[in-house]
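Structural description and commentary
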Amino acid sequence: MRELRADMEKAIRGETPVAYCRLVETRGSTPQKAGAMMLVYPDGSQAGTLGGGCVEAEVKRRSLQLLEEGKSEISCFQLDSDYGWDDGLICGGRMQVLIQPLSTPGARKYFSLLLDVIDQGGGVSEAIAYDPQLSGLPVPSSFLFGEDHQLVASWTDAGPAEEYVGDDQIQHIQQNLKPLGNRPRPYTDGGISY
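The following refers to the structure shown.

About the cut-offs
Residues numbered from 1 in each chain as written. Predicted model: local features only at pLDDT ≥ 70, side-chain atom pairs only at ≥ 80, totals over all residues. Heavy atoms only, no water. Pairing = 2+ DSSP bridges. Helix = DSSP H or I, 4+ residues; strand = E, 2+ residues; numbered from the N terminus. Contact = heavy atoms within 4.5 Å. Axes fitted to C-alpha atoms, helices over the stretch in contact; angles between N-to-C directions. Expected span 1.5 Å × (residues − 1). Buried < 20%, exposed > 50% of the residue type's maximum accessible area, 1.4 Å probe, protein only. Arc of directions from axis to C-beta. Core = buried A, V, L, I, M, F, W, Y, C linked by side-chain atoms within 4.5 Å. Salt bridge = Lys/Arg side-chain N within 4 Å of Asp/Glu carboxyl O.

**Quick look at the sheet that holds strand β6 (residues 124-129)**
One open sheet holds the five strands; their spatial order is β8-β7-β6-β10-β9, and the pairing between them is antiparallel. Across the chains shown, the open sheet's two edge strands, defined by having one partner strand only, are β8 (151-156) and β9 (188-189). Here β6 pairs with strand β7 (residues 141-146) via six bridges, running antiparallel. By the bridge assignment for β7, A127 is matched with F143. Packing against the sheet, helix α3 (residues 105-119) makes contact with β6, β7 and β8, and its axis sits at approximately 150° to β8. Lying over the sheet, helix α5 (residues 167-176) contacts β6, β7, β8, β9 and β10 (192-193), oriented at roughly 60° with respect to β7.

**Here we look at the pairing of β8**
In the sheet, β7 pairs with β8 via five bridges, with the strands oriented antiparallel. Bridging from a neighbouring strand, F145 pairs with L151 of β8. Remark: four residues form the turn of the hairpin made by β7 and β8, two consecutive strands paired antiparallel; H149 in that turn has positive phi of roughly 65°.

**Describing α3**
Every α-helical turn comprises 3.6 residues, leaving residues that sit three or four positions apart pointing alike. The end-to-end C-alpha separation of α3 is 21 Å, in line with the 21 Å expected for 15 residues at 1.5 Å each. On its buried side, α3 packs onto α1 (5-12), β1 (19-27), β5 (94-101), β6, β7 and β8.

**Quick notes on α1**
Considered for burial, the residues of α1 that qualify are R5, M8, A11 and I12. The arc that holds every buried residue of α1, seen down its axis, measures 120°, which confines them to one face.

**Quick notes on the nonpolar core**
M8, Y20, L39, L102 and F111 are the most contacted members of the largest nonpolar core, which totals 20 residues. Broken down by secondary-structure element, the contributors of at least two residues to this core are α1, β2 (37-40), α3 and β8. For this core, the element with the highest residue contribution is α3, accounting for six residues. Once residues within four sequence positions are removed from consideration, F111 is found in contact with M8, I12, Y20, R22, Q100 and L102.

**A short note on the side chain of R62**
By the secondary structure assignment, R62 is in helix α2 (residues 53-69). The contacts of R62, once residues within four sequence positions are left out, are E73 and I99.

**As for the pattern of salt bridges**
Within this structure, the stated rule accounts for eight salt bridges. For the salt bridge of R22 with E126, the shortest nitrogen-to-oxygen distance reads 2.8 Å. Of this pair, R22 sits in strand β1 while E126 sits in strand β6; the two residues are 104 residues apart in sequence, bridging distant segments of the chain. Using a relative accessible area of 4% as the deciding quantity, one classes R22 as buried. Across the pair R27 and E25 runs a salt bridge whose closest N-O atoms are separated by 2.7 Å. For R27, a relative accessible area of 48% puts it in the partly exposed group. Residue E25 is classed as buried on the basis of its relative accessible area, which comes to 1%.

The analysis is restricted to geometry; functional conclusions fall outside its scope.
And the structure:
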């Protein structure tokens, strides 16, 4: 995230429209693992990568459409003959990507808080609901927790997630957070990426 920080800050200030794309869940063989990030700009250019190839091109196409609509979504890609056959890049895995324009007030507030925590040198955990059946949460929705596992911010397209999520659901997420020092890479549990 640090390498994309300056571009994200410009988007949050409203200087540059951008879609923030995050790989939130993978299964099997994939070119990147959960946590990979990419920014997509209205002219089709990008910063960062989700692994290249046909999937990345499709994420860019969806990002441009969602930028115009001001909506977010979870996109699922099965890496089979539909994505990569011509290039010989069939991995056989599955990738789920959150595509989130940073142009809405709610997204700007959420990411502004995230960048503030990073600037202050604090640790933060993010939980992203990507499967509504497994998680029981609105999808997509994102939650930021401080080092003490207290909720710092939340986001959905409709507004702050805590307006649509019960206290018991937030407590369930908090209980599944691993201490920052014990979490070397992203993990998933019950339709939520941590």
